[in-house]
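Listed here are the chains, written in short residue letters.
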Amino acid sequence: MKIIRAEHLGMCFGVKDAVALALETARREPLTILGDLVHNETVLAELRVEGIRIEQKPAAIGTQTVMITAHGASERRMDETRKLGLNVLEATCPLVRVAHRSLARLVREGFHPVIIGRRDHVEVRGMTEDLVEYEIVLDKEDVANLRERPRFGVMAQTTQPIDRVRRLVQMLRERFPQSEVRFIDTVCQPTKQRQNAAIELAKQSDVVMVVGGAHSNNTHELVKTCSRFCRRVYHVQTAADLREEWFCETDIVGITAGTSTPDAVIGEVEHWLREFAARMAVQSNQTRETYEQAFQVA
Ligand code: SF4
């Protein structure tokens, strides 16, 4: 069994910086994070061990300092939090800020905003909560349900696969040929790198392991992308989810991981696979030796 890693995988700089800021702040003062800092249970458990509170609603914030996650938040949400008299620490990723600014510019210039992303995702909520009118689309049915506007301004959630984004922009242009459609590419570079590397990995692999949190959007997108190029794709959160029956001795096993997956978790998955591969090789040699001995005896 051969084990290969995607060229780009795992935690992005935006998540790493947010985690570092949370840990550094928590060493000085009690800290609550509003929402899940990352969609990865291993990381959240490590933060809780350091005494950091993670709450989903402003009313539950139990410390003077509160952190906004890398996914960002709307101005309305930030104001509500500040009005509680709290110190607001922003860990918003700079690339999410770029997306917010792009959207604001489209609206200011008179375009009807269309966001390509998941309606229920915290980043998309942060982008749309300040808007009066907007559309969120994720597939061709959503585009088919739009009504005509003279000018559409399109941008995307930062972790959407760029090929899906381009496809939906093209569909929108074809559906409304009379409308002006301006598209700003807000998919972040780490997402593009991981998506492209996952495609290359899946093409070379017999089986692909995608390591990431159960609620991580970009991990789910990696699973979908790899599944287009490889028939055996498994999503695992940690090494504990791996199953021996998934692998054959001659397999090339590819590993990729979402932008919130810590290096240590990827390392544990790889370690498990290498140990299993070594055990299979020994077993196979023993079987071959036994067979050869039996053949000679006969
Ligand atoms: S996935 Fe992209 S936008 Fe999100 S935190 Fe990472 S670098 Fe920033």
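In the block above lies the structure referred to throughout.
To start, this report covers the structure provided alongside it. Here the residue numbering is sequential within each chain, running from 1 through the sequence in written order. With pLDDT at 70 or above as the cut-off, local features in this predicted model cover only qualifying residues; side-chain atom pairs require 80 or more to be listed or tallied, and sums for whole chains, interfaces and linings still use all residues. Only hydrogens and water are set aside when side-chain values are computed; all heavy atoms of the structure are taken into account.

1. Observations concerning the site of the ligand
- Neighbouring the ligand are the residues Cys12, Phe13, Gly14, Cys93, Leu95, Val96, Thr158, Thr159, Cys188, Pro190 and Thr259.
- Contributing elements (two or more residues each) for the shell around the ligand: helix H1 (13-28) and helix H4 (94-108).
- Here the shell around the ligand is composed, by residue class, of seven nonpolar, four polar and no charged. Being near a molecule or strand, for a residue, comes down to having at least one heavy atom within 4 Å of it. Secondary structure elements are defined from DSSP: runs of H or I of at least 4 residues count as helices, runs of E of at least 2 residues count as strands, and each element is numbered from the N terminus. When residues are sorted by character, Ala, Val, Leu, Ile, Met, Phe, Trp, Tyr, Cys and Pro go into the nonpolar class, Asp, Glu, Lys and Arg into the charged class, and all the rest, Gly among them, into the polar class.

2. Focus: the sheet that holds strand E11 (residues 232-236)
- The criterion for strand pairing is that DSSP finds at least two bridges linking the strands in question. Pairing is parallel across the open sheet formed by four strands, whose spatial order is E1-E12-E10-E11. The sheet terminates laterally at strand E1 (2-5) and E11, the two strands that pair on one side only. Between one strand axis and the next, the sheet turns through 20° on average, direction left out of account.
- Relative to E11, strand E10 (residues 207-211) is paired through five bridges, and the arrangement is parallel. Within the sheet, the bridge partner assigned to valine 210 lies in E11 and is histidine 235.
- By definition, residues are in contact when any of their heavy atoms lie within 4.5 Å. To get an axis, a line is fitted to the C-alpha atoms, and for a helix only the part in contact is used. The angle between two axes follows their N-to-C directions and goes from 0 to 180 degrees. Each of E1, E10 and strand E12 (252-257) is contacted by helix H8 (residues 189-204), which is oriented at about 170° to E12, the strand it contacts most.

3. Re the pattern of salt bridges
- By definition, a salt bridge exists where a carboxyl oxygen of Asp or Glu is found within 4 Å of a side-chain nitrogen of Lys or Arg. Under the criterion given, the structure shown has 22 salt bridges.
- Here aspartate 120 ties to arginine 118 by a salt bridge, and the two come within 3.6 Å at their closest N and O atoms.
- When its relative accessible area of 54% is taken as the criterion, aspartate 120 is described as exposed.
- Buried residues are those whose accessible area, probed at 1.4 Å on protein chains only, stays under 20% of the maximum for their type, while exposed residues exceed 50% and partly exposed ones sit between those limits. Relative accessible area serves as the criterion here: at 30%, arginine 118 is assigned to the partly exposed category.
- Linked through salt bridges whose partners overlap, the residues forming this network are Arg76, Arg77, Glu80 and Glu129.

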